[in-house]
Amino acid sequence: MTMPNLQKHLRQTFLAGIFAVVPVVVTIFIVWYIDAQTRFISKQLFGHEIPFLGVVIAITAIYLAGLIATTLLGRWILRRIDHLLSKVPGLRQFYVAWKQIALT
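Given the structure is predicted, the values throughout are model-derived calculations rather than measurements. Starting afresh in each chain, residues are numbered from 1 along the sequence in its written order. Totals for whole chains, interfaces and linings use all residues, but because this is a predicted model, local features are given only for residues with pLDDT of at least 70 and pairs of side-chain atoms are given and counted only at 80 or more. Computation of side-chain values covers all heavy atoms of the structure but excludes hydrogens and water.

## Here we look at the side chain of D35
Next, step 1: Helix and strand definitions here come from DSSP, where helices need a minimum of 4 consecutive H or I residues and strands a minimum of 2 consecutive E residues; each element is numbered from the N-terminal end. Topologically, D35 is positioned in helix α1 (residues 3-46).
Next, step 2: According to the relative accessible area criterion, D35 is buried, its value standing at 7%.
Next, step 3: Any pair of nitrogen or oxygen atoms within 3.5 Å is treated as a polar contact; in protein, a donor-acceptor pairing is required on top of that, and neighbouring residues in sequence qualify only through side-chain atoms on both sides. For D35, the side chain forms a polar contact with the main-chain nitrogen of F52, separated by 2.7 Å.
Next, step 4: In this analysis, two residues are considered to be in contact whenever any of their non-hydrogen atoms come within 4.5 Å of each other. Look past the residues within four positions of D35 in its chain and what remains in contact with it is P51, F52, L53 and V55. Three exposure classes are used, based on accessible area relative to the maximum for each residue type with a 1.4 Å probe and protein chains only: buried under 20%, partly exposed in between, and exposed over 50%.

Written out as structure tokens, the structure reads:
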């Protein structure tokens, strides 16, 4: 392998690794964070902590949000929020960049 080919290979492989690992790490972090922040719910309801109950609640909430988002009213609300966030100075670049990453 010549030096430019090696550099290209390393760059492509490194980027592929980032795109493979980052979503997994972010997902694990979010699950851990939600669990850590919601342990008090099970402690208050049942007197002891139940691992991952908060994660189940969060997944249920996300599912319900998806149900709402797929309705005509939900799509209208999401378009309004999208329009509003893409107009806010300072937040616009951040929001548009994350939206493009999410769509990719």
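## Comments concerning unusual backbone geometry
Next, step 1: Despite not being glycine, F52 shows a phi value in the positive range, around 70°.
Next, step 2: Mapped onto the secondary structure, F52 falls in the loop between α1 and α2 (53-69).
Next, step 3: Overall, F52 belongs to the partly exposed group, its relative accessible area being 45%.

## Details of the environment of A58
Next, step 1: Structurally, A58 can be placed in helix α2.
Next, step 2: Counting along the chain gives 55 residues from A58 to M3, while the straight-line C-alpha distance between them is 49 Å.

## Some thoughts on a nonpolar patch on the surface
Next, step 1: A patch consists of residues whose relative accessible area exceeds 30% and which take part in no salt bridge; residues with like charges are grouped when within 9 Å of each other, and nonpolar side chains (Val, Leu, Ile, Met, Phe, Trp, Tyr) when within 5 Å. Here the Shrake-Rupley method, with its probe set to 1.4 Å, supplies the accessible areas, and only the displayed protein chains count as covering residues. Throughout this description, the term salt bridge denotes a Lys or Arg side-chain nitrogen within 4 Å of a carboxyl oxygen of Asp or Glu. Together, F14, L15, I18, F19, V22, V26, F29, I30, W32 and Y33 line one region of the surface with nonpolar side chains, adding up to about 1000 Å² of accessible area.
Next, step 2: On the secondary structure map, W32 appears in helix α1.
Next, step 3: The class for W32 is exposed, based on a relative accessible area of 52%.

## Remarks on the layout of surface pockets
Next, step 1: In this structure, the largest pocket encloses a volume near 220 Å³.
Next, step 2: Put simply, the parts of the chain that give the lining of the largest pocket at least two residues each are α1 and α4 (91-103).
Next, step 3: Examining the composition of the lining of the largest pocket, we find that six residues originate from one element, α1, more than from any other.
Next, step 4: Classifying every residue of the lining of the largest pocket by side-chain character gives seven nonpolar, one polar and no charged. A cavity, in this analysis, means grid points on a 1 Å lattice covering only the protein atoms where a 1.4 Å probe fits yet has no way out; a pocket is instead an open set bounded by protein on both sides within 12 Å along at least five of seven lines, and a residue lines either one if it has an atom within 4 Å of a point. Grid points are joined across faces, edges and corners, and a volume is the space filled by probe spheres set on the points. Side-chain classes are defined by residue name, with Ala, Val, Leu, Ile, Met, Phe, Trp, Tyr, Cys and Pro counting as nonpolar, Asp, Glu, Lys and Arg as charged, and the others, Gly among them, as polar.

## Regarding the packing of aromatic side chains
Next, step 1: Think of it this way: a Phe, Tyr or Trp ring, Trp meaning its six-membered ring, pairs with another when their centres are within 6.5 Å, and the plane angle makes it stacked under 30 degrees, edge-to-face over 60, tilted otherwise. In the structure shown here, the tally under the stated rule is two aromatic pairs.
Next, step 2: Ring centres 6.0 Å apart and planes at 25° place the aromatic pair F29 and Y33 in the stacked group. One end of the pair, F29, and the other, Y33, are both in helix α1, four residues apart, so they sit about a helical turn from each other.
Next, step 3: Put simply, the rings of F29, W32 and Y33 touch in pairs and so form one group of aromatic residues.

## As for the pattern of salt bridges
Next, step 1: If you walk through the whole model with that rule in mind, you get two salt bridges.
Next, step 2: Between R39 and D35 there is a salt bridge, with its nearest N and O atoms 2.8 Å apart. Taken together, the residues R39 and D35, both in helix α1 and four residues apart, mark about one turn of the helix.
Next, step 3: Linking R39 and E49 is a salt bridge whose minimum nitrogen-to-oxygen distance equals 3.4 Å. A residue pair is termed long-range when its members are at least 10 positions apart, and R39 in helix α1 and E49 in the loop between α1 and α2 qualify at ten residues.
Next, step 4: The class for R39 is partly exposed, based on a relative accessible area of 24%.
Next, step 5: Each of D35, R39 and E49 takes part in a single network of salt bridges with overlapping partners.

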